Amino acid sequence: MAAKEFIVAIELGSSKMTGIAGQKNLDGSIQVLAVVKENSSSFIRKGVVYNIDKTAQCLTSIIRKLENQLKTEITQVYVGVGGQSIRSVRNVITKDLPSETIVTQDMVIELMDSNRSMTYQDQEILDAAVQEYKVGSQLQLDPVGIQATRLEGNFLNILERKAFYRNLNKCFEAANINVAEMYLAPLALADSVLTEAEKRSGCALVDIGADTTTVSVYSKNILRHLAVIPLGSNNITKDIATLQMEESDAEKMKLKYGSAYTDNNDIDSDLKYSIDPERQIESRKFIEIVEGRLEEIIENVWYQIPSEYYDKLLGGIILTGGGSNMKNIEKAFSNHTHVEKIRIAKFVTQTIISNNEMLKAHDGTMNTVLGLLAKGDINCAGGAVDLNADLFGTQKPATHTTTDTTRPIRQATETPAGVIRTEAEKKAAEEEKRRQQEEEDRLKREEELRKKEEEERIRKENSPLNKFWKNIKKFGKTIVEEE
């Protein structure tokens, strides 16, 4: 039977593009209805779209396969945004106030708007995370109602290269797929694998993917830093392949023999690992290659954590993603960072109901797309699919009909944390803002004209000539009344 209500999320990864559909139950659990994975290594590199046409074709294929499993058309999807070019930049906006001024919500919104209007060369502001507000010498999360002469807003702006942001939007336009909402993938992941205690006490979430490693630092329940390192588990595979073997063989060897840490006393110099029935390599050489590259990844991760949080990671380091499955990876991170509290997030904190083998594996590879699915709150289901109408597997174009489940246009200050407005939403918001400004200007001109006419009327009434004629009329009226 065709499902009438479900949410669809898509993650554009460097090795795989994943589409997932699921229903949210009243008890908070999520019932996964369909999962589709496609290879994306030829057109997505380091989490960034490089070939728009191939990406659009892959998106279309995923949607078609999901629809066939669901027996229902998909009207819109939730999309995760990540990749190499994403980084965070701190920004401070200040506003001087008259003495004995009480901070209002409008003043706070004005600071947020000023921050959002910041321009960065070739960079697009995807999201702005409020750190805190400084009122006088005190730091406040909510300054409204406090008396101050100076208000300072501290923001963490999440940036991405404009070209990559546009490419992502163009892919969905080319595939004719409606986007219900774009969401920062690292934030969706963090909300699904981190505990409130970890976010509050301070932690670093490290997502080791195929081509990139994403580092998110939290403290006092606030995102403090976000960076994407252009190194991942595929770099280890490529290093192993330098021992004169195919990358497919190198990947198999990494999964079979790879260890993030091996004690020197446990290394057998005479032991050899088999590449195939005819070739072998020394175990010591293999171990040095794997540990060498992993050490570089860990050093880059630690370098990305702001120094003021080195001693504030009471929640420790949380590892996730496919690369976190390597044997002894907790020991390697602990040795290089000197952080004793290391946890591997194999699965999301939400209750997931599914018989799918990819989800039952609990290997960290599905955490991000499940996090995106958990963020969805708009029905993505359309009408029933006629499976007999298209015998040759061709896909009819998706319809862009506006339904009552479509969310209204939101301004930047109305957008929840982690949500990214699409280009279409930005244009619509800019058009709405322009229309409002034009209306305000029109009303202002009308008011100025009314005031000018009033001033001219008063001026004429008070002119000597007008007063003279008034006196003449008054004198004439007096004479008539006397007669």
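Residue positions within a chain follow its written sequence, with the count starting from 1. For this predicted model, a pLDDT threshold of at least 70 governs which residues receive local features, and a threshold of 80 or more governs which side-chain atom pairs are given and counted, while totals over whole chains, interfaces and linings are taken from all residues. Computation of side-chain values covers all heavy atoms of the structure but excludes hydrogens and water.

Q: Tell me about the environment of Ala 175, and please be specific about residues and values.
A: Tracing the backbone shows Ala 175 in the loop between helix H3 (162-174) and strand E12 (179-184). A sequence separation of 112 residues divides Ala 175 from Ile 63, and the C-alpha atoms of the two residues are 9.7 Å apart. Secondary structure counts use DSSP, requiring at least four H or I residues in a row for a helix and at least two E residues in a row for a strand, with both numbered from the N terminus.

Q: Now, about the environment of Trp 302: what can you tell me, with residues and values included?
A: Along the chain, Trp 302 turns up in helix H8 (residues 283-304). Sequence-wise, Trp 302 and Val 32 are 270 residues apart; in three dimensions their C-alpha atoms are separated by 36 Å. Whether two residues are in contact is decided by their heavy atoms: any pair within 4.5 Å suffices. Dropping the residues within four chain positions of it, Trp 302 is found in contact with Tyr 310, Leu 313, Ile 317, Thr 337 and Val 339.

Q: Let's hear about the nonpolar core: which residues, and what values?
A: Here, nonpolar core refers to any group of buried Ala, Val, Leu, Ile, Met, Phe, Trp, Tyr and Cys residues whose side-chain atoms link them within 4.5 Å. Burial classes: relative accessible area under 20% of the type maximum marks a residue as buried, over 50% as exposed, and values in between as partly exposed (1.4 Å probe, protein chains only). Formed by 73 residues in total, the largest nonpolar core has its most connected members in Phe 6, Leu 12, Met 17, Val 77, Phe 172 and Leu 370. With seven residues, helix H1 (residues 52-70) is the single largest residue contributor to this core. Sequence-distant contacts of Phe 6, defined by excluding residues within four places in its chain, comprise Ala 21, Gly 22, Gln 23, Leu 33, Leu 70, Thr 72, Glu 73, Ile 74, Ile 378, Asn 379, Cys 380 and Ala 381. Of all hydrophobic cores here, the second largest spans 40 residues; its members include Ile 236, Ile 297, Val 301 and Ala 332.

Q: Tell me about the packing of aromatic side chains, residues and numbers included.
A: Under the pairing criterion, centres of Phe, Tyr and Trp rings, with the six-membered ring standing for Trp, must be within 6.5 Å; the plane angle then separates stacked pairs below 30 degrees from edge-to-face pairs above 60, leaving the rest tilted. Within this structure, the stated rule accounts for six aromatic pairs. On the basis of an interplanar angle of 55° and a centroid distance of 5.9 Å, the ring pair of Tyr 50 and Phe 164 is categorised as tilted. Taken together, the residues Tyr 50 in the loop between strand E5 (48-49) and H1 and Phe 164 in helix H3 connect sequence positions 114 residues apart. Ring geometry for Tyr 257 against Phe 286: centres 6.2 Å apart, planes inclined by 85°, an arrangement best described as edge-to-face.

Q: Describe the state of the cysteines, listing the residues and the values that go with them.
A: A pair of cysteine sulfur atoms is labelled a disulfide when the two atoms are within 2.5 Å. Scanning the model with the defined rule gives zero disulfides in all. The closest cysteine sulfur to the non-disulfide-bonded Cys 58 is located on Cys 171, 10 Å from its own sulfur.

Q: Describe unusual backbone geometry, listing the residues and the values that go with them.
A: The phi dihedral of Asn 176 falls on the positive side, at around 60°, and the residue is not glycine. Turning to its location among the elements, Asn 176 is positioned in the loop between H3 and E12. Not every positive phi belongs to a glycine, and Asn 328 is a case in point at roughly 65°. Relative to the helices and strands, Asn 328 resides in the loop between strand E18 (316-320) and helix H9 (329-337). Owing to a relative accessible area of 30%, Asn 328 belongs among the partly exposed residues under this scheme.

Q: Provide a residue-level description of the sheet that holds strand E1 (residues 7-12), including the pertinent values.
A: In short, DSSP must find at least two bridges between two strands for them to pair. Spatially, E20-E3-E2-E1-E7-E12-E22 is the arrangement adopted by the seven strands of the open sheet, whose pairing is mixed. The open sheet has two edge strands, strand E20 (352-353) and strand E22 (419-420), and neither has a second partner. Taken together, the three bridges between E1 and strand E7 (residues 77-81) define a ladder with parallel strand orientation. Paired with Glu 11 across the bridge in E7 is Gly 80.

Q: Tell me about the packing of helix H6 (residues 233-241) against helix H7 (residues 247-257), and name the residues and values.
A: Only the stretch in contact is used when fitting a helix axis, every axis being a line fitted to C-alpha atoms; angles between N-to-C directions are given from 0 to 180 degrees. It is at 8 Å that the axes of H6 and H7 come closest, and there the two elements cross at 115°. As far as their axial angle goes, H7 and H6 are roughly perpendicular. Every pair of crossing elements has a handedness; the one defined by H6 and H7 is right-handed. Where H6 abuts H7, its residues Ser 233, Ile 236, Thr 237, Lys 238, Ile 240 and Ala 241 lie against Glu 247, Ala 250, Glu 251 and Lys 254. Each angle gets one of four labels, with under 35 degrees taken as roughly parallel, over 145 as roughly antiparallel, 65 to 115 as roughly perpendicular, and the rest as oblique. For any helix crossing, the convention is left-handed if the near helix is rotated counterclockwise from the far helix by under a right angle, and right-handed if that rotation is clockwise.

Q: Talk me through the pattern of salt bridges; I want residue IDs and the actual numbers.
A: Salt bridge, as applied in this entry: a Lys or Arg side-chain nitrogen positioned within 4 Å of an Asp or Glu carboxyl oxygen. Tallying each qualifying case throughout the model produces 21 salt bridges. Between Lys 65 and Glu 38 there is a salt bridge, and its shortest N-O distance comes to 2.5 Å. Here Glu 38 lies in strand E3 (residues 30-39) and Lys 65 lies in helix H1, a separation of 27 residues in the sequence. Judged by its relative accessible area of 16%, Glu 38 is buried. Where Glu 110 meets Lys 95, a salt bridge forms, and the shortest distance between an N and an O atom there is 3.2 Å. One end of the pair, Glu 110, is in helix H2 (residues 105-116); the other, Lys 95, is in strand E8 (residues 87-102), and 15 residues separate them in sequence.

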